[in-house]
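Working through the structure, step by step
As a plain string of letters, each chain reads:
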Amino acid sequence: MSFLLACPNCGERSVYEFRSGGEFRQRPPASVSSHEWARYLYIRKNEAGETTEWWYHQLGCRRWFLAVRDTRTNLVKDTYEHD
Amino acid sequence: MSTTRLPPHPAQVIDHEHPLSFTFAGERIPARAGDTIASALYAAGQRTFSRSFKYHRRRGLLCGAGQCPNCLMNVDGTPSVRTCTEPVRQGMRVQPQNVWPSLKHDLLSIIDRFDWLLPVGFYYKTFIRPRFLWPLAEKVLRRAAGLGVINTQAEPKGGYDHQYRHTDIAVIGGGPAGLAAACEAASLGCQVTLIDAQPELGGHLRFQTRTYADIGERSGLTGFELARSLREKVTAQPNIDILSSATVFGSYEGGLLGVMQAKRLIHLRAKRVVITTGSHEYPAVFQNNDLPGVMLGSGARRLLHLYGVQPGTRAVVVSHDETGLTLASELLTAGIQVAAVVDSRYRLPEAQDCVQQLHRSGVEVLTSYAIQEAHGTAHVDGALVVPLDARQRPFPHASRFIPCDLICLSTDRAPATALVAQSGGELHYDETLGQTVPQQLPPQVFCAGDVTGIHHLPATLVQGRLAGFQAAQSLHAADTSAPSSHIQALQQELDTLEQEYRHHYEPYPQLSHVWEKKKQFVCVCEDITHKDLAQGVAEGFDEVETLKRYSTFSMGPCQGRMCATSSARLCARYAGSELATRTTTARPPVTPVPLGVLAGRRPQPEKHTPLHHRHIALGAEMMLLGSWKRPYAYTTPDEEHRTVRERVGLIDVSTLGKLEVRGKDAARLLDTVYTHTFSTLRVGRIRYGLMCDDSGIIIDDGTVSRLADDHFFLTTTTGNVEFVEQWLKWWMAGADLCAHVTSMTGGLAAMNIAGPNARQVLSQLTDTDLSAEAFPYMACRRATVAGAPALLLRIGFVGETGWEIHVPAECGEQVWDAIMTAGAEFQIVPFGVGAQRILRLEKKHVIVGQDTDALSNPLEADLEWVVKFNKDDFIGKRGLQAIQERGRRHKLIGFALRDSSRAEGGQAVVVNGQPAGRVASAAFSPTAGKCVGLAWVPVEVASGTSPLQIRINGTVAQADIIDDAFYDPQGERLRS
């Protein structure tokens, strides 16, 4: 892993400056079934392809943002702050 | 058999006036400054340099360029040093490796006779039964095969380092193509980093003494003069960084190159990469092709021109193009007799100078001939050569014997494409060139020179300029219009040269046959022969990648440099496939990298609190907690414990994580992430906070103080502040909350004054009313302490009246000193982590991360009082509800041992002789007069009446379960 990641705040930096926060998932409302809740807690898509994931610029602006990365090639298509 | 050195020559890198010496196997060897170990040994008459991996056959100098495994030796205790590139230092001690008892008489060479015991893939076939012999067989095999021994007793040498660099264009390889590319790119204003493995730029030109006639303005220069001229041009460019004696061992995504320069690992990030890694010769496959005296043409050239050493006295040169013919004429010039030139072509280009010189000198030139066998026992004493028919098949019965002591192979060349492949380039097998060459390149990668399979200097120089220009141009995408004519001109020139080259080029024929009696080595590292590969294919491993894993070819020190192409061709021949093309994957590292280089300097970041120097001055016993240095004790934990309980003590708690949360939605954020409610917290009050993740597992705890409606001050456990900050920010991201989280950890010094006399001491230093009514337990106030702006938190981790005092880091020592002075009349003492552990345990205060783990939840950890199920959703609510429904399985309980034994964390709690729980932490409590602690036990044990059984060093101790705190269970002292 040595690709470059464009922090929406600081620009293109080495991936070593960041911490990965895993797949982007919506936290389901409290009313969902236990089955749904367990899926949210323990199941990941682990996609071989384009994935939207959280990244944190630990050695920079210390902010979270989202990146669209192809997990097969590590090519990052887009990065943006969650709104 | 020592050779006299040739007279000084401008191409030489040795200093004849500066003698050195070193020892080899105990013998003193003379050398000259500039020599490599191998060149000095060769000059001293050494011909056998190592014993082979499996058969322990003699191996001599082959490549002379650090590519092959033949010259690996132990140098000053470091095994497997490539002596053909390692410079001589005065007094160094060199030992042969993997020999027993000596290089000359290696008894293990008997294995060569028993080769039928070691067929291809023998480790899958033999030494299987009986199984009890496995340990013995392993010992024997490990001793017999191997690449030197690491001295595990040796002191680590250190001095390793990492460096991070950035550049516009990285040019890998300092040969003619690289130099041309670097110049071109630099002249267009780019920042260029030129990386070259040799101590001096120039590549193969450094040891070329022939004159080049067709290279434009520099025509008429010899190779080494051209190298010098290009070198001067490059060094004169201010925007070219030169990394000499540096190897690129891997190309990674994002244009990252791993570069090793001596003991330094350079992480070089390049926007564009120009690969000019050149090519290297590798030996043809024929009988006894590993005999000392068989040398690659480039190796002989290096000895001759760089070190002034005659590689032999009577040579046979095997060639198929101009390179071999010029080598023969260079050998002649150096006074070496050339017995014959064996050329696989039908006709030689008579017009060439070197051919004419060969004719003039009466050298026998055998066209349509090839080599069949190297003859000799310890060293070459002759070559068996064989004529070829029109389809380049040999007539074995017409073979001829030519006496000689040197066989130079200028036969096959392989482009060094490993980095091209790693950079994302595609390779393909070019039939007319007989080589695997780059085909498709990613947009940020460019290639030039021999790596493209075109070994023709005029073309190389044009390719270099073109690659440099294109790389620079692609960086300045805006102004591309103007110079495209320049590219076209270069491209046209190149096409002409390339076509001309391809027209004349004939690859060296592949002649070797499996029935031939003597061993024909394909892979010299792992001792894999032609026969082994044929058998491997016959056994079903007919794909080059599986054949590699089965036979282990290309898995030795040279990583396939000497064998990848030959093996791929042979595999294709026996598998009957057309895919001679596929060679095995070349992964990083391309060259061996010492682990020390990868590890770099041992990073030992150590955090010191603002009060660190006070602790040192007091002679505290310091300990490392996470990355913090903290005082364990100043005297003894027991002594300090007593002082806190009876009088007053002061502890440095600057290591606590400290966060500020501000904003109109700060309270809402804290309500979400903590199990407790904070929107109801009054300004000036403190509440204990516990943080869970969404499955209900405890992740952190601390205090939350409300300083204003929209301003909270959080403390977290020592090692966790980074995580908590990220955690809070993560739940804020996209949640539409107006709040800011700022870490104050490094900016604040914090200390805790605690004990019955704490109020008397602190009130001397502040105007703030510290009385129990004005400043009750769990209250917080801004105050001035000893002149410093401070935040006072009245909390009691240790269970006494006390205040946590947070002041700016730079005021820390001032406040500490003031408290120590004011407390003198109460005999205040500083206390450390040791005493604090006992004090908190007596109060049954949990430490998250020590008493809890990745499966602990607040319901079972006896912290249910902090969980507010009645508030709206919070992180972990759903998980904790599930645990509540499921029912508690374990409980964290307090215990006190009945006898005088001492428990400690990690010991097992046993039920009916079976482990059922564990001690989380324990310490001897001077207050209780016995050992107390916290333990995780099954709920039925926790609610039972029978005593707890804890296994301590093999015996079982009885303990009582204690529900309340061991000390001051009502918290009267705390609130007083």
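Residues numbered from 1 in each chain as written. Chains lettered and ligands numbered in written order. Predicted model: local features only at pLDDT ≥ 70, side-chain atom pairs only at ≥ 80, totals over all residues.

We now examine the sheet that holds strand β37 (residues 748-754) of chain B. Residue and element names in this part refer to chain B. The mixed open sheet is built from six strands, whose spatial order is β38-β39-β40-β37-β31-β41. Pairing within the sheet leaves two strands with one partner each, and these edge strands are β38 (780-785) and β41 (829-830). Pairing of strand β39 (residues 788-793) with strand β40 (residues 802-808) involves three bridges; the strand directions are antiparallel. In the strand pairing of β40, L793 is matched with E804. Sitting on the sheet, helix α17 (residues 637-646) touches β31 (649-652), β37 and β41, and the angle it makes with β31 is about 120°. (Pairing = 2+ DSSP bridges. Helix = DSSP H or I, 4+ residues; strand = E, 2+ residues; numbered from the N terminus. Contact = placed C-beta atoms within 7 Å. Axes fitted to C-alpha atoms, helices over the stretch in contact; angles between N-to-C directions.)

Attention shifts here to the sheet that holds strand β2 (residues 27-33) of chain B. Residue and element names in this part refer to chain B. The strand order across the open sheet formed by five strands is β2-β1-β7-β5-β6, and the pairing between neighbours is mixed. Each edge of the open sheet is held by one strand with a lone partner, namely β2 and β6 (78-82). Between one strand and the next, the sheet's axes are offset by a mean angle of 45°, whatever the strand orientation. Summarising the sheet, strand β5 (residues 72-75) and β6 pair through three bridges and their orientation is antiparallel. Each residue of the ladder has a partner; that of V75, found in β6, is T78.

Our next topic: the interface of chain A and chain B. The interface of chain A with chain B comprises 15 residues on the first partner and 16 residues on the second. With three residues, helix α1 (residues 34-42) of chain A is the largest single contributor of residues to the side of chain A that touches chain B. Class assignment of the residues belonging to the side of chain A that touches chain B gives a composition of seven nonpolar, six polar and two charged. (Nonpolar A, V, L, I, M, F, W, Y, C, P; charged D, E, K, R; others polar.)

Residue and element names in this part refer to chain B. Along helix α23 (residues 877-886), the residues classified as buried are K877, R878 and L880. Buried residues of α23, seen end-on, are gathered within an arc of 165° and therefore sit on one face of the element. Note on α23: the residue one or two positions beyond its end, G887, has a positive phi of about 95°. (Buried ≥ 20, exposed ≤ 12 C-beta atoms within 10 Å, placed from the backbone. Arc of directions from axis to C-beta.)

Generally speaking, a soluble globular protein has its nonpolar side chains buried in company with each other. Residues and elements named next belong to chain B. Core analysis: the largest hydrophobic core is formed by 162 residues, its most contacted members being A182 and I407. In terms of residue count, the dominant contributor to this core is helix α10 (residues 457-475) (nine residues). If you look at the next biggest cluster of nonpolar residues, it comprises 105 residues, including Y634, I699, I753 and L948. (Core = buried A, V, L, I, M, F, W, Y, C linked by C-beta atoms within 7 Å.)

This part covers the environment of T677 of chain B. Residues and elements named next belong to chain B. Inspection of the secondary structure puts T677 in the loop between α18 (666-673) and β33 (686-692). Given 17 C-beta atoms within 10 Å, T677 falls into the partly exposed group. C-alpha separation for the pair T677 and V867, spaced 190 residues apart in sequence, amounts to 8.7 Å. In contact with T677, other than residues within four places in its own chain, are D671, K868 and K871.

The next subject is the confidence of the model for chain B. Here chain B shows a mean pLDDT of 91. Residues at 70 or above account for 98%. Scored as a complex, the prediction yields pTM 0.83 and ipTM 0.96. (pLDDT = per-residue confidence, 0-100.)

Another point: the domain arrangement of chain B. By the assigned domains, chain B splits into domain 1 (1-152), domain 2 (161-280 + 415-504), domain 3 (284-410), domain 4 (521-593), domain 5 (612-841) and domain 6 (889-975). Here domain 3 of chain B and domain 6 of chain B have C-alpha centroids that lie 85 Å from each other. (Domains from an automatic or database assignment.)

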